[in-house]
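Fold and geometry: a report
The chain contents come next:
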Amino acid sequence: MKKNTFEKTIGATALLILVGALALYAQANPELAPRALPVAAGPNDIARFLAGMPVRPDSPLAPLTRDPAWQEHSAYFEREFSKLAVRQLQKLHAWEDIYLLEATQPIPVAFYMFSGPDFLYVDQFFPRASVYVLCGKESMGAPPDPLRIANLSGALGNLENAMKSSLSTTYFITKNMKIDLHEQNLNGVLPILYTFIARADKSISNVTFGSLNGSGTFQESARGSIPGVRIRYTDNQTGDSQTLYYFTTDISDGGIKSTPGFLKFCERFGAGSSFLKSSSYLMFEEGFATIRNFILAHSNRIVQDDSGIPLAYFDPNKWNLRLFGNYLGPIELFKQHFQPRLQELFARSNPPPLDFGFGYRWNYKEANLIVAERK
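Treat the numbers as computed from the prediction; the structure is a model and nothing was measured. (Residues numbered from 1 in each chain as written. Predicted model: local features only at pLDDT ≥ 70, side-chain atom pairs only at ≥ 80, totals over all residues. Heavy atoms only, no water.)

Some details on the packing of helix H6 (residues 152–168) against helix H7 (residues 189–199)
- Between H6 and H7, whose axes approach to 10 Å, the crossing angle comes to 60 degrees. On the basis of their axis angle, the class for H6 and H7 is oblique. The two elements H6 and H7 cross, and the hand of that crossing is right-handed. The residues of H7 that touch H6, namely those facing Leu159, Ala162, Met163, Ser166 and Leu167, are Pro191, Ile192, Thr195 and Phe196. (Axes fitted to C-alpha atoms, helices over the stretch in contact; angles between N-to-C directions. Helix = DSSP H or I, 4+ residues; strand = E, 2+ residues; numbered from the N terminus. Parallel < 35°, antiparallel > 145°, perpendicular 65-115°, else oblique. Left-handed = near helix turned anticlockwise from the far one by under 90°. Contact = heavy atoms within 4.5 Å.)

Next comes the structure, spelled out in structure tokens:
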């Protein structure tokens, strides 16, 4: 017994010496600290780190914030998000105070089809939704873990490149978000969602990966044909607890027919609000009739640009439309989806101007915005 106790004591002492040595080594070599100390970081720390924001002093990621690569990344995001606030968000909030006071009201759910990782704008227009449901064909990518990134500068650079278009215009360029074969290069939707959530002054409490089954149930840790993530967080300003879902799925008619779980999941929330922006005019095509009809049937309010649901599908007996900005028609890439009736409606109603960009028209002088409200 004594021998075993002595051996345990020696072993414990040796372990303490080893841990102490690793800690000293980590302090002397902060860039190597995460690989020397195998302590997992929580999702909120990871989100703040990716967003270029300070982490807790006792966070496993704190030593990495002394790395020049992170400090350059932090300075870049501080600069870009500050410019975004002045150019876009402050003006958007002033517009909401006049024309969309409903934005301040709690709602049960906000649907954002064809969203990709654009949490930024659905949060601006519907900041008090209890649940957000986002989807796109973009993959989530690997769960970000800065402690395991070998080339921090390269990985943070990939994240900056993926977000550059959304910060300088108002939409993502999909090719900039392609998943890199190297799983730690911070590509995919998840690192971008983390960044937007942290920069929106929210604290992530829980992240759960899973997939939807055929009946629309979110199954934790399961791998299926509709992979997704559930992110729970708290708004630091209001104290509201909110939940964001993102699913990688095909919502064309054929995609929904082959994997119906996503729409069945959405149906569980009943009616809510919908947001559509820079959606490639897909719902102008007959191959997207199912999702178009779902949005019309399950929305009390729809905020969109002209690339969302065509004017022809808004029954005037069921919907009131409010128009803002200018309708110049689609950008050249989508010119075949010009709507003469919408142009007439804009010309006849003399809508209030916009002083912030929206959708593909990131120049505010050319932008249009449509608020559809169910009668």
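As for the side chain of Thr259
- As for its position among the elements, Thr259 is in the loop between helix H8 (253–258) and helix H9 (261–267).
- If we skip the residues at most four places from it in the chain, Thr259 touches Ser225, Ile226 and Thr249.

Here's the deal with the nonpolar core
- Core analysis: the biggest nonpolar cluster contains 68 residues, and Phe119, Phe125, Ile231 and Leu369 have the highest contact counts within it.
- Those residues in contact with Phe125 that sit more than four places away from it in its chain are Leu92, Trp95, Glu96, Leu100, Ala103, Phe275, Val303, Phe356, Phe358 and Leu369.
- With 30 residues, the next largest nonpolar core counts Ile226, Tyr245, Ile291 and Ile295 among its residues. (Core = buried A, V, L, I, M, F, W, Y, C linked by side-chain atoms within 4.5 Å. Buried < 20%, exposed > 50% of the residue type's maximum accessible area, 1.4 Å probe, protein only.)

Structural notes on the pattern of salt bridges
- This structure, assessed with the given rule, holds 16 salt bridges.
- Between Glu80 and Lys83 there is a salt bridge whose closest N-O contact spans 3.2 Å. Note that Glu80 and Lys83 are positioned in helix H4 (residues 68–99) at a spacing of 3 residues, about one turn of the helix.
- On the basis of relative accessibility, which here comes to 13%, the residue Glu80 falls in the buried class.
- Its relative accessible area of 44% is what places Lys83 among the partly exposed residues.
- For Lys202, the salt bridge is made with Asp235, and the minimal N-O distance between the two is 2.7 Å. Taken together, the residues Lys202 in strand S3 (residues 202–212) and Asp235 in strand S5 (residues 227–235) connect sequence positions 33 residues apart. Each member of the pair, Lys202 as well as Asp235, carries the same accessibility label: buried.
- In the salt-bridge network here, residues are joined through shared partners; they are Glu102, Arg301, Arg322 and Glu373. (Salt bridge = Lys/Arg side-chain N within 4 Å of Asp/Glu carboxyl O.)

Section: the packing of helix H3 (residues 43–50) against H7
- At a minimum axis distance of 8 Å, the contact between H3 and H7 shows a crossing angle of 90 degrees. Judged by the inter-axis angle, H3 sits roughly perpendicular to H7. Every residue of H7 that contacts H3 at Pro43, Ile46, Ala47, Arg48 and Leu50 is listed here: Pro191, Tyr194, Thr195 and Ala198.

Some words on unusual backbone geometry
- Although it is not a glycine, Phe114 adopts a positive phi angle of roughly 60 degrees.
- Mapped onto the elements, Phe114 comes out in the loop between strand S1 (107–112) and helix H5 (119–125).
- Residues other than glycine seldom take positive phi values, yet Ser221 does so here, at roughly 65 degrees.
- Relative to the assigned elements, Ser221 resides in the loop between strand S4 (218–220) and S5.

A closer look at the pairing of S1
- With 5 of its 6 residues buried, S1 lies for the most part within the structure.
- Examined bridge by bridge, S1 and strand S2 (residues 129–136) share 5 bridges and lie parallel to one another. Bridging from a neighbouring strand, Tyr112 pairs with Leu134 of S2.
- In this fold, the crossover linking S1 to S2 by way of H5 has right-handed handedness. (Pairing = 2+ DSSP bridges. Right-handed = clockwise from strand over helix to strand, strands pointing away.)

Considering the side chain of Ser307
- Within the element layout of this structure, Ser307 appears in the loop between strand S8 (299–304) and strand S9 (319–325).
- The exposure class of Ser307 is buried, given its relative accessible area of 0%.
- A distance of 2.6 Å separates polar atoms of two side chains, one belonging to Ser307 and the other to Asp305.
- Not counting chain neighbours up to four residues away, the residues in contact with Ser307 comprise Lys277, Ser278, Ser279, Ser280, Tyr281, Leu282, Phe284 and Tyr360. (Polar contact = N/O pair within 3.5 Å; in protein donor to acceptor, adjacent residues only side chain to side chain.)

Digging into the confidence of the model for the protein chain
- Considering every residue of the protein chain, the mean pLDDT works out to 87; 85% of them sit at 70 or more.
- Across residues 1–38 the pLDDT falls below 50, and counting only partners more than four positions away or on other chains, this stretch makes 14 contacts in the model.
- In the predicted structure, residues 179–183 sits below a pLDDT of 50 and forms 7 contacts with residues beyond four places in sequence or in another chain. (pLDDT = per-residue confidence, 0-100.)

Details of H4
- The end-to-end C-alpha separation of H4 is 44 Å, in line with the 46 Å expected for 32 residues at 1.5 Å each.
- Capping of H4 at its N-terminal end is provided by Asp67; its side-chain oxygen lies 2.7 Å from the backbone amide nitrogen of Ala69. (Expected span 1.5 Å × (residues − 1).)

As for the sheet that holds S8
- Pairing within the open sheet is mixed, and its 10 strands lie in the order S4-S3-S5-S6-S2-S1-S7-S8-S10-S9. The sheet is open, and its two borders are formed by S4 and S9, each paired with just one other strand. Recorded for the sheet is a direction-independent mean angle of 25 degrees between the axes of neighbouring strands.
- Looking at chain direction, S3 and S4 are connected through 3 bridges and run antiparallel. Across the sheet, the residue bridging to Ser211 is Gln219, located in S4.

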